[in-house]
Amino acid sequence: MSWQPRVVIVDDHELVRSGVRTSLGDAVHVVGEAGDIAEAVDVILDTNPDVVLLDVHLPSGTGGSVITQVAAEGNEAKFLALSVSDAAEDVIGVVRAGARGYVTKTINGDELASAIVRVAEGDAVFSPRLAGFVLDAFATSEPTPVDPELDQLTNREREVMRLLARGYAYKEVAAKLDISVKTVETHASAVLRKLQLSNRHQLTTWAAKRKIV
Amino acid sequence: MTDTNPSLQFSASPHRFGRPARAADGLLTGVSAGLARRFFLETTLVRLAFVTLALTGVGVIFYVGAFLLMRSTEPVEMADDWPTENSKVLGLALLVWGLVVLLGRTDSSLIVDEYIWPVLLVSAGFGVVSWQLGDGRRGQFSSAMQGDSRYGTLRIIAGGLIVAGGIGSALLTEMSLSTLGGSLFVVLFVVGGLALVFGPWIYVLLTDLADERRKRVRADERADLAAHLHDSVLQTLALIQRTDDPFEAASLARRQERELRSWLYARPESFVHTDVDLVTLFESAVSDVEERHRVPIELVVVGDVPVDDSVVTLAKAAREAMVNASKFSGSSQISVFVEGDEGQVEVWVRDRGAGFDPGLIGKDRRGIRDSIVRRMKRIGGESTITSAPGEGAEVYLILPAQRKAAS
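Now for a description of the structure that goes with this document.

Each value, and the rule that gives it
Positions within a chain are numbered from 1, following the residues in the order the chain's sequence is written. Chains and ligands are labelled by the order in which they are written, letters from A for the one and numbers from 1 for the other. This being a predicted model, a pLDDT of at least 70 is required before a residue's local features are given, and a value of 80 or more before pairs of side-chain atoms are given or counted; all residues contribute to the totals for chains, interfaces and linings. Runs of E in the DSSP output that reach at least two residues are strands. Runs of H or I that reach at least four are helices, and both are numbered from the N terminus. Exposure classification rests on a simple neighbour count of other C-beta atoms within 10 Å of a residue's own: a residue reaching 20 or more is buried, one at 12 or fewer is exposed, and one in between is partly exposed. C-beta atoms are placed from the backbone. In this description, a residue-residue contact is defined by the distance between C-beta atoms placed from the backbone, which must lie within 7 Å. A set of buried Ala, Val, Leu, Ile, Met, Phe, Trp, Tyr and Cys residues, joined to one another through C-beta atoms within 7 Å, is what we call a nonpolar core. Pairing between strands is defined by DSSP: at least two bridges between them are needed. When the strands point away from the viewer, a crossover counts as right-handed if the path from the first strand over the helix to the second runs clockwise. Only C-alpha atoms enter the line fits that serve as axes; for helices the fit covers just the stretch in contact. Angles between N-to-C directions range over 0 to 180 degrees.

So, on to the overall build of chain A. Each helix and strand counted, chain A has 11 helices and eight strands in total. Every one of the 213 residues in chain A was classed for burial, and the buried ones make up 45%. For chain A, contacts bridging at least 24 residues in sequence account for 68% of all contacts bridging at least 6.

Most often, soluble globular proteins have nonpolar side chains that are buried together. Of all hydrophobic cores here, the largest spans 105 residues; its most connected members are Leu 80 of chain A together with Phe 282, Ala 318, Met 322 and Val 336 of chain B. Of the residues forming this core, the biggest block, nine residues, is contributed by helix H12 (residues 309–329) of chain B. Not counting residues within four places of it along the chain, the set of residues in contact with Ala 318 of chain B comprises Phe 282, Ala 285, Val 336, Val 347, Val 349 and Leu 397 of chain B. Within the second largest apolar cluster, 11 residues are counted, among which are Val 31, Ala 36, Ile 61 and Tyr 63 of chain B.

All names here are of chain A. Extensive coverage of strand E1 (residues 6–10) is indicated by the burial of four of its five residues. Pairing of E1 with strand E2 (residues 29–34), which is carried by five bridges, proceeds in the parallel orientation. Counted as the bridge partner of Val 8 is Gly 32 from E2. In this fold, the crossover linking E1 to E2 by way of helix H1 (residues 14–24) has right-handed handedness. Note that E1 and strand E3 (residues 51–54) share four bridges and pair parallel. Bridged to Val 7 within E3 is Val 51.

This paragraph deals with the sheet that holds strand E2 (residues 334–341) of chain B. Backbone-to-backbone hydrogen bonds pair the strands of a sheet. The strands run either parallel or antiparallel. All names here are of chain B. If you walk across this open sheet you meet the five strands as E1-E2-E3-E5-E4, and the pairing is mixed. Two strands bound the open sheet, and with one partner strand each, they are strand E1 (297–302) and strand E4 (382–387). Adjacent strand axes in the sheet meet at a mean angle of 10 degrees, parallel and antiparallel pairs treated alike. Sheet analysis places strand E3 (residues 344–351) next to strand E5 (residues 393–399), joined by seven bridges and oriented antiparallel. By the bridge assignment for E5, Val 347 is matched with Leu 397.

So, on to unusual backbone geometry. Phi at Asn 48 of chain A takes a positive value of approximately 50 degrees, unusual for a residue other than glycine. Take Asn 48 of chain A: it is sitting in the loop between helix H2 (37–47) and E3. When the 14 C-beta atoms within 10 Å are taken as the criterion, Asn 48 of chain A is described as partly exposed. Residue Glu 342 of chain B is not a glycine yet carries a positive backbone phi of 50 degrees. Tracing the sequence through the fold places Glu 342 of chain B in the loop between E2 and E3.

See the structure below:
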């Protein structure tokens, strides 16, 4: 990997930060670390990284508030949520706040590095779990949406999400559906955009009561 | 033909003191000869008795009842001489017809002209229904009952209509007589007719179908037992063989013992699972496999369906797929995706490990065949395994919304 994205790691556990830093190795350039929301906002505004690896749960609130505060300052850092938390509320919350993707801490170093690069390049990163949340949240049985353009997945997007939920990488999804990786990325980004912009109030209600794995 | 050595028949029949069997060498259907042998009487005497009684009409009903109640001489699976059996039934119907016509001509005091057609119709109906019964002996009746065999159903309907016609005309005739004896006869007539139509049906239902069901339940139980033992005891034994740590071996053995005991004596799985949802069900399967085999499994569950025994069985099959992936693939991560929608449940278990050729699975490897493929078939689902050496493996399980009751 020639280009190294500049990365800030935000997690309240020192041990996790050093672990993540170690497993990333030379793939990225870690420019800063932070342990709570205020510190995170400061570090990000100071170092102006390409990507922020953000824990969903922080001592004084959720990762989502880091995103909103940084965005309010006009900073264009991209966020990748990294968490052990699998509660739908947390995942949807942080993605709705503007995170470009969500991965769990079981991800290995190489995959995490390539996820960071992908986010830095403007793409969306889906873990199987996030894909599962999307499928669940945009279930077909929902009542008529307010804005069909935003509140529904196309069949192709749904197919892509199902393959991602089954643990397929973008490359494998592309091969399976006989489309290019670029097209898969386009679908993924479109789905993420829908997840962030969809004005269905159900999405929040759904996430709040959904205990999904 | 009638003078076969009776002792030969005795030795051929293992149940000679139970339900009497129809004799294979009888004149019509073997009822008289069978009864004669059973009660050590002269065959001709019994036949004479039947013919005499038939003059009053009662004998016909007796004969038919005896035909139905007596065991068939041929074992179920050997009864492939259906033309013979059918011709016997037709012969019976023809005989009844002949008798009725004859009696009608002689202007007997017991059977008058008005009864000829009703009795004729009833006996024809009986012939048709009995033909169906003959089919049932060859294992087709059950399918006719389920509406699979159009002809079988047609025959039942035809028989029923004929009998109903007989009853109806008898009723019309009786209305004008309106004597006490006449009404009594009508009641007998109706009951007899109904018994003729539904007798074979109920009889076959109670015997053949019960037998079939018993056999299937036994086979299912066996497969269930084999699958369970494979999933639990055999796998724990394999784990124990591979571990070097005596403490872990002991703890595995203890845990297995506890589990086996609770399964043997409590069978908690067979209850209805109102307290469990799809997520919890698969979560427990995943954490169990993770704990035993130490390979992280990423579980994603979308949607929810009511958890019944079929879904529990599906989870067991999925668990077996996870165990296989943990043990054989060498993959560091296994993905499990469960999607439930409107009663249908789909499961994908995927690894990125060594992969294998699904066509080259040894006959003694019971995991895939018993614990996955057969299990899914039993609950009306399907399983597909996609894999090639070096390309990981994916096991796909689907449990459709319309499915059989769980075993």
